[in-house]
Amino acid sequence: MPKATISANNTVGGGQPSQPGQSKKRGCLGTGLIVLLWICFFPIMFTIWAVKTPRFDKKVKIPLIAAVWVLSLVVAGCTSMTNAQLAKDRTLDFNAIEITDSKAVVKATATNNTTSSWSSTAYLVIRYSDGDEEKLSIHISCDKNSSVDLTSPSFSTEGVSSFETDYSGAQISYSAGDLMSLLAAEQERVAAEEAQKKAEEEAAAAAAAEAEAQKKAEEEAAAAEAQAQAEADAAARAQAQEEARNNATVYVTATGSKYHSRKGCSGLSNANSISEMTRVQAEANGLEPCAKCY
């Protein structure tokens, strides 16, 4: 399985910004040393040795020295052409930026279209409006004829002024043409999502408040209805009791001033005659309730 990782280098705060091409020089350091050794040290040392050695005469020395120099130049040129071809067949595509909680990561894809594995380090420099910069080191480990997805360490999105790639070992692609455009688009997307989330939360809160108010109103209406019903029932009972009291049969005498609730009352023991009527009628006739009966 192809593997690739991205690791963060130290943030440089207020220091000297990296110069464009600085890492390119580092990326070409190995090739440069090889070329320098072939062009300078080996041919020079061989020339010195060939001039001083008594093994060859001048007729042999001059063609031999010339051949060594030509061979060195050819090898150096082939090495340079090979590295250039490798870089041409390898691409590093920075294709997306994702933001979460004011922190962003850069998404990239490394593609290796060569017959040898690709292991190297590239750099993504983030510059801020206050002069600070952050350099993310991208370690690429990619098998031959394959591609891998990369995710950078997170960095702050506040005050980002520019991006710069610093690498010569592959073709650099920004996908949308500009990482700043990707960042702006992602920031707009995040802002839109946050606005939508806020609107949904406010709508949910308003709906909950409305539901709570409706529930409270329904409870108050139910309580008022229950109270009104209880009062109506109490009034009906009181009215029924009053009607029963007023329509109750009482007993009176022709000459007495009291009405009685029962015939056996001692107040009626000496009466010559007892008649019946309702309590309302008795009270209408000016009679008062018997103290013994009521």
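Residues numbered from 1 in each chain as written. Predicted model: local features only at pLDDT ≥ 70, side-chain atom pairs only at ≥ 80, totals over all residues. Heavy atoms only, no water.

Asker: Describe the overall build of the chain, and please don't skip the residues or the numbers.
Answerer: Along its length, the chain carries five helices and 13 strands. Counting across all 294 residues of the chain, residues that qualify as buried make up 28%. The long-range fraction of contacts in the chain, counting pairs at least 24 apart against all pairs at least 6 apart in sequence, stands at 68%. As displayed, the chain offers around 18500 Å² of accessible surface, 55% of which is attributable to carbon and sulfur atoms. (Helix = DSSP H or I, 4+ residues; strand = E, 2+ residues; numbered from the N terminus. Buried < 20%, exposed > 50% of the residue type's maximum accessible area, 1.4 Å probe, protein only. Contact = heavy atoms within 4.5 Å. Areas by Shrake-Rupley, 256 points an atom, 1.4 Å probe, with all protein chains shown as cover.)

Asker: Tell me about the pattern of salt bridges, residues and numbers included.
Answerer: Here the structure, examined in full by the defined rule, presents eight salt bridges. A salt bridge links Glu242 to Arg245, with the nearest nitrogen and oxygen atoms 3.5 Å apart. Taken as a pair, Glu242 and Arg245 lie in helix H4 (residues 179–247) at a separation of three residues, close to a single helical turn. Its relative accessible area of 37% is what places Glu242 among the partly exposed residues. The class of Arg245 is partly exposed, set by a relative accessible area of 35%. Because the salt bridges share partners, they merge into one network encompassing Arg127, Glu133 and Glu164. (Salt bridge = Lys/Arg side-chain N within 4 Å of Asp/Glu carboxyl O.)

Asker: So, a negative patch on the surface: which residues are in play, and what are the values?
Answerer: On the surface, Glu212, Glu218, Glu219 and Glu220 cluster together to form a negatively charged patch. Mapped onto the elements of the fold, Glu220 is located in helix H4. (Patch = residues over 30% accessible without salt bridge, like charges linked within 9 Å, V, L, I, M, F, W, Y side chains within 5 Å. Lys, Arg positive; Asp, Glu negative; His and termini not counted. Charge placed at Lys NZ, Arg CZ, Asp CG, Glu CD.)

Asker: Talk me through the packing of aromatic side chains; I want residue IDs and the actual numbers.
Answerer: Applying the stated criterion to the full structure yields one aromatic pair. Seen in terms of ring centroids, Phe155 and Phe163 are 6.0 Å apart; in terms of plane orientation they differ by 75°. Their pairing is edge-to-face. The pair formed by Phe155 and Phe163 is uniform in burial state, with each residue classed as buried. Just above the ring of Tyr123 sits the side chain of Lys135; from NZ or CZ to the centre is 5.2 Å. (Phe/Tyr/Trp six-rings, centres within 6.5 Å; stacked < 30°, edge-to-face > 60°. Lys NZ or Arg CZ within 6 Å of the ring centre and 35° of its normal.)

Asker: Tell me what's going on with the nonpolar core, and back it up with residues and numbers.
Answerer: One finds Phe94, Ile97, Leu124, Ile140, Phe155 and Phe163 to be the most contacted residues of the largest nonpolar core, which totals 28 residues. When contributions to this core are tallied by element, the ones reaching two or more residues are strand S2 (90–100), strand S3 (103–112), strand S4 (118–128), strand S5 (133–142), strand S6 (146–151), strand S8 (160–165) and H4. With five residues, the single largest contributor to this core is S4. Residues in contact with Phe163, not counting those within four places in the same chain, are Ile97, Leu124, Val125, Ile126, Phe155, Leu179, Met180 and Leu183. Grouped together as the second largest cluster of nonpolar side chains are six residues, Val250, Met277, Ala282 and Leu287 included. (Core = buried A, V, L, I, M, F, W, Y, C linked by side-chain atoms within 4.5 Å.)

Asker: Outline unusual backbone geometry, listing residues and values.
Answerer: For Ser102, which is not glycine, the phi dihedral falls at a positive 65°. Position of Ser102 relative to the elements: it lies in the loop between S2 and S3. Exposure remark for Ser102: the relative accessible area of 41% places this residue in the partly exposed category.

Asker: Describe the pairing of strand S10 (residues 249–253), listing the residues and the values that go with them.
Answerer: Among the five residues that make up S10, four are buried, leaving the element largely enclosed by the rest of the structure. Two strands pair when backbone bridges link them, and S10 and strand S12 (residues 274–278) are joined in this way by five bridges, in the antiparallel orientation. Within S12, the residue paired with Thr253 across the bridge is Ile274. (Pairing = 2+ DSSP bridges.)

Asker: With reference to specific residues and values, describe the environment of Ser146.
Answerer: The topology assignment puts Ser146 in strand S6. Taking the relative accessible area as the measure of exposure, Ser146 reaches 16% and is therefore buried. The sequence separation of Ser146 and Ser117 amounts to 29 residues, and the corresponding C-alpha distance is 9.0 Å. Within the structure, the side chain of Ser146 is placed 2.7 Å from the backbone oxygen of Asp143, a separation counted as a polar contact. (Polar contact = N/O pair within 3.5 Å; in protein donor to acceptor, adjacent residues only side chain to side chain.)

Asker: Give a description of the confidence of the model for the chain that names residues and reports values.
Answerer: Confidence in the prediction of the chain, expressed as mean pLDDT, is 79, and 80% of residues score 70 or more. Predicted confidence for residues 1–29 stays below pLDDT 50, and this span has 66 contacts to residues more than four positions away or in other chains. (pLDDT = per-residue confidence, 0-100.)

Asker: Please set out H4 residue by residue, giving values where relevant.
Answerer: Relative to the 102 Å expected for 69 residues at 1.5 Å per residue, H4 spans 99 Å between its end C-alpha atoms, a close match to the ideal helical length. Looking at H4, one finds that the buried residues are Leu179, Leu182, Leu183, Glu186, Val190 and Asn246. On its buried face, H4 is in contact with S2, S4, S8, S12 and helix H5 (279–284). (Expected span 1.5 Å × (residues − 1).)

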